[in-house]
Amino acid sequence: MSTTPADSVRISARAAAGSYLTDGVTLRSWLLTTDHKRIALLYLGSITVFFFIGGVAAALVRLNLVVPQGLLGSAESYNRLFTLHGVIMVWFFLVPAVPVTLGNFLVPLMLGARDLAFPRLNLFTWYLFIAGGAITLWALFVGGIDTGWTFYTPLSTMYSKGHVVMAAVGIFISGFASIATGVNFIVSIHRLRAPGLSWYRMPVFLWSIYSVSVLLVLATPVLAITLLLLAAERLFHIGVFDPAIGGDPLLFQHLFWFYSHPAVYIMILPGFGVVSEIIPTFSSKSLFGYKFIVWASISIAVISFFVWGHHMFVAGTSVYSAVLFSILSYLVAVPSAIKVFNWLGTMHKGFIRFDAPMLYALGFIGLFTIGGLTGLWVAALAADVHLTQTFFVVAHFHYIMVGGMVSAFFGGLHFWWPKITGRMYPEMWARIAALVMFIGFNFTFFPQFILGYLGMPRRSFSYLPEFQVLNVFSSAGASILAAAYLLPLAYLTWSLFHGERAPANPWGATGLEWQTASPPPTVNFVETPVVTCGPYAYPPPETVHQRNV
Amino acid sequence: MSSTVAHGFQYESASYQAQTAIAGMWLFLASEVMFFGPLILTWIFSRHWNPVGFDAGGRETDLSIGTLNTFVIVTSSCLYALGVQFIRQGNVRWMILCCSATLVLGLVFLALKFGVEWPEDIAHHLFPTAAHFKITGSTEGGARLFFIFYFVATALHGVHMVVGIGLLLWLIRRAGRGDFSSGYHTPVIVVGIYWSFVDVVWLTLYPLIYLIGRGP
């Protein structure tokens, strides 16, 4: 690195100032920061708020379903609740969660770089995200929307009451935050790798973020134009999805799912990345089949663009296209399965430590596998005709998104918490939370598989009395799950002030981010690191055995 | 490349940072392609099911303004490209002149499009919600659909032009302050890529709007 002497002076002066957390303490130094680590924390705060708003809506949904005739009084408010839950959780938690928090924090650190390629753009995305989120929240609270998060036409354009246009505007704006974040990550990974950090020496987390960024950049604009056409149709009561003038309502579903199926992978791929970092660390072993995992991420990103039709098997599309989409959907299960087997292979004969991040990662593998396999049920044409629009789909989706993605997010948050904050969290509480989360989750969502299989429709305010027992189970589980989510909020906040000081590398992990201090200085690395080996250079298990005997 | 140019502390050199900025713009344009792409695909798809209505709508568009605007916008891109050549040789004065000419042509385009053509279309009862739509009979629905696409696409293209004009103003101001030289002019190149893209979008819209409906 050819830094001028003036640069070196400037950089060592900033490094001497301490960590990025103490480099400026005013509100202004946070709100106008271009430091990727501080922006990550701004995002972490915001998505936590969105997560709990969406969570409260989910709790109310479960509360309503405790009795067959519904507890909340009106079907209309129930519809608004599950729409609020879906919209907030999908666009303001699941899609951004890992990339904008852990991704923002870790991508430059893992690259051995001092910041992302475009730091000011990075800050700008946070303001876009907040603006979009505020507009959407306003729409959801002032008027509410009852269309579900999918905004199907013609319900959303012609019949629905509420602030559909305003919500669409909010999602549209926050979409540009996603696009800019994706551009920033891709360009950074191409241009800012440390000396010696070749592509195949990058940690899998970076590959996952790269794949996700490709999806963000190429899929999000499709949603943007779709929402724009939707908003125009709603405003003018005439539009391209309107069959009265020769438009096609199915066209909306095609466009929407062309974004929203890749979006499912936008939500889960970063989770794969997180788990691929945690498992080698806590197995003290190199990641099994590194290149397979890498290319599985890339192929998931590519294939995800060609499976959208499986959301429309009963919408009246051609049988031939349905068969094709069914086969393509099966195809995407292959790279996903490769990953699961490789994680298991990594643990095989490793020294497994059951620290909290590992518990979350193990939970992830189990729940993601169940979610993935039930995905094959609904991707199968004949089975889907029976299961579509039932709670089976709800359960499947939540196994991937909550069981998979949220577990991975919490795992990653715990794993990198010492790096981010410089503090250790109380390990015992973290393990308890991980276990309670796993139990509460299964309690909540497993009954929904059975309910769906028995034919209970989703998005329905009331249901037949014979479904009540399983619904009460599910709602009881949801209260356990809620407690499990509040636990980390409490002990992680506690650790900020009272936690033990974290060493640079508390887990004995490889990876560039562990080579700098916890928390890192503003410049990340005073000396730019030089990479000489792959990302998971743990000693072979045999030698570790001998050492420990 | 001169080493006096300041660069971000994550970059080795100013030239490396410059190339990175250019890469970022290309990637953003990939995203833009996926923004306009579905719109155009949807247009062609809807046309496929309503060919007669779309033809009837297309024949009502103002071919002369559309063609004139095509000349205006292509010329503006050409002048901009000249400006880039000038700044490469360090000729700031002529670069400012070229950027200003580009800006004026951009404004001409917008004036013709939204000051003349749109009001004319609306006066002729061609706005899709018009109560007494100009085209009646069996082709009315398809023609209304055509004009939805027409207004949405030209509005979106117009928004991109306005953003481009804002960027041009910013460039001219910076160039006037002496920020650019033969050694450093990355923003000029980056904005140029964007402006050319907006130009290409128009070249795609032009046949869809004005030509296809007038075919045999």
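Not measured: the values here are computed from a predicted model. (Residues numbered from 1 in each chain as written. Chains lettered and ligands numbered in written order. Predicted model: local features only at pLDDT ≥ 70, side-chain atom pairs only at ≥ 80, totals over all residues.)

**Examining the overall build of chain A**
Which entries qualify depends on this criterion: In this text, helices come from DSSP runs of H or I with a minimum length of four residues, and strands from runs of E with a minimum of two, each type numbered from the N-terminal end. For the radius of gyration, the atoms used are the C-alpha atoms, and the globule rule reads 2.2 Å times the number of residues raised to 0.38. With C-beta atoms placed from the backbone, a residue is labelled by how many other C-beta atoms lie within 10 Å of its own: buried for 20 or more, exposed for 12 or fewer, partly exposed between the two.
On a plain count of helices and strands, chain A comes out with 18 helices and 0 strands. Compactness check: chain A gives a C-alpha radius of gyration of 23 Å against a globular reference of 24 Å for 549 residues, within 12% of the reference. Taken along its principal axes, the extent of the C-alpha atoms in chain A is 70 × 55 × 45 Å. Across the 549 residues in chain A, those meeting the buried criterion constitute 56%.

**So, the overall build of chain B**
For the record, the criterion: Throughout, a residue-residue contact means that the two C-beta atoms, derived from backbone geometry, are no farther apart than 7 Å.
Along chain B, the regular secondary structure elements total 6 helices and 0 strands. The helix and strand sequence of chain B, counted from the amino end, reads α-α-α-α-α-α. Over its C-alpha atoms, taken along the principal directions, chain B stretches across nearly 70 × 30 × 30 Å. Within the span of chain B, comprising 216 residues, buried residues form 39% of the whole. Of the contacts made within chain B by residues no fewer than 6 positions apart, 76% connect residues no fewer than 24 positions apart.

**Looking at the packing of helix α6 (residues 119-142) of chain A against helix α8 (residues 164-191) of chain A**
Residue and element names in this part refer to chain A. Selection rule: Convention adopted: a line fitted to C-alpha atoms gives each axis, helices being fitted over their contacting stretch, and angles between N-to-C directions are expressed from 0 to 180 degrees. Each angle gets one of four labels, with under 35 degrees taken as roughly parallel, over 145 as roughly antiparallel, 65 to 115 as roughly perpendicular, and the rest as oblique. In this scheme the handedness of a crossing depends on how the near helix is turned from the far one: anticlockwise by less than a right angle means left-handed, clockwise means right-handed. Any residue that is not Ala, Val, Leu, Ile, Met, Phe, Trp, Tyr, Cys, Pro, Asp, Glu, Lys or Arg is counted as polar, Gly included; the first ten are nonpolar and the last four charged.
Two elements in contact, α6 and α8, have axes whose closest approach is 7 Å; the angle formed by their N-to-C orientations is 160°. Taken together, α6 and α8 sit at an angle that is classed as roughly antiparallel. The chirality of how α6 crosses α8 is left-handed. For the contact of α6 with α8, the per-class residue count stands at 17 nonpolar, 9 polar and no charged.

**Remarks on helix α3 (residues 63-88) of chain B**
All names here are of chain B. To keep it simple, the criterion reads: Multiplying one less than the number of residues by 1.5 Å gives the expected span of a helix.
Relative to the 38 Å expected for 26 residues at 1.5 Å per residue, α3 spans 38 Å between its end C-alpha atoms, a close match to the ideal helical length. Buried within α3 are the following residues: Gly66, Asn69, Val72, Ile73, Ser76, Ser77, Tyr80, Gly83, Phe86 and Ile87. Residues of α3 that are buried in the fold lie against α4 (92-123) and α6 (186-211). Within two residues after α3, Gly90 carries a phi angle of roughly 85°, on the positive side.

**Some remarks on the interface of chain B and chain A**
Interface size, as often reported, equals the accessible area lost upon joining of the parts. The interface is formed by 33 residues belonging to chain B together with 38 residues belonging to chain A. Secondary structure elements with two or more residues in the side of chain B that touches chain A: α1 (14-49) and α5 (140-176) of chain B. Its residues assigned to classes, the side of chain B that touches chain A shows 16 nonpolar, 14 polar and 3 charged.

**Observations concerning the packing of helix α5 (residues 97-111) of chain A against helix α10 (residues 249-283) of chain A**
Residues and elements named next belong to chain A. Across the interface, α5 lies against α10 with an axial gap of 8 Å and an inter-helix angle of 40°. Note on element contacts: α10 touches α5 through Pro270, Gly271 and Val274, opposite Val98, Pro99, Leu102 and Gly103. Considered class by class, the residues forming the contact of α5 with α10 number 5 nonpolar, 2 polar and no charged.

**A few points about the environment of A:Arg114**
Turning to its location among the elements, A:Arg114 is positioned in the loop between α5 and α6. The contact partners of A:Arg114, leaving out residues within four places of it in the chain, are A:Pro108, A:Val523, A:Asn524, A:Phe525, B:Phe9 and B:Gln10.

**Focus: α4(B)**
Residues and elements named next belong to chain B. Keep this limit in mind: In this analysis the local bend is the angle between axes fitted, respectively, to the seven residues ending at and the seven residues starting at the residue.
Taking 1.5 Å per residue, 32 residues should reach 46 Å; α4 reaches 45 Å between its end C-alpha atoms and fits that length. Taking the largest bend as the criterion, α4 deviates by roughly 30°, centred on Glu117, and proline Pro119 comes between one and four positions later. Looking at α4, one finds that the buried residues are Met95, Cys98, Cys99, Thr102, Leu103, Leu105, Gly106, Phe109, Lys113, Trp118 and Asp121.

**Considering the environment of A:Phe461**
Its place among the elements puts A:Phe461 in the loop between α16 (427-454) and α17 (468-498). Sequence-wise, A:Phe461 and A:Leu60 are 401 residues apart; in three dimensions their C-alpha atoms are separated by 12 Å.

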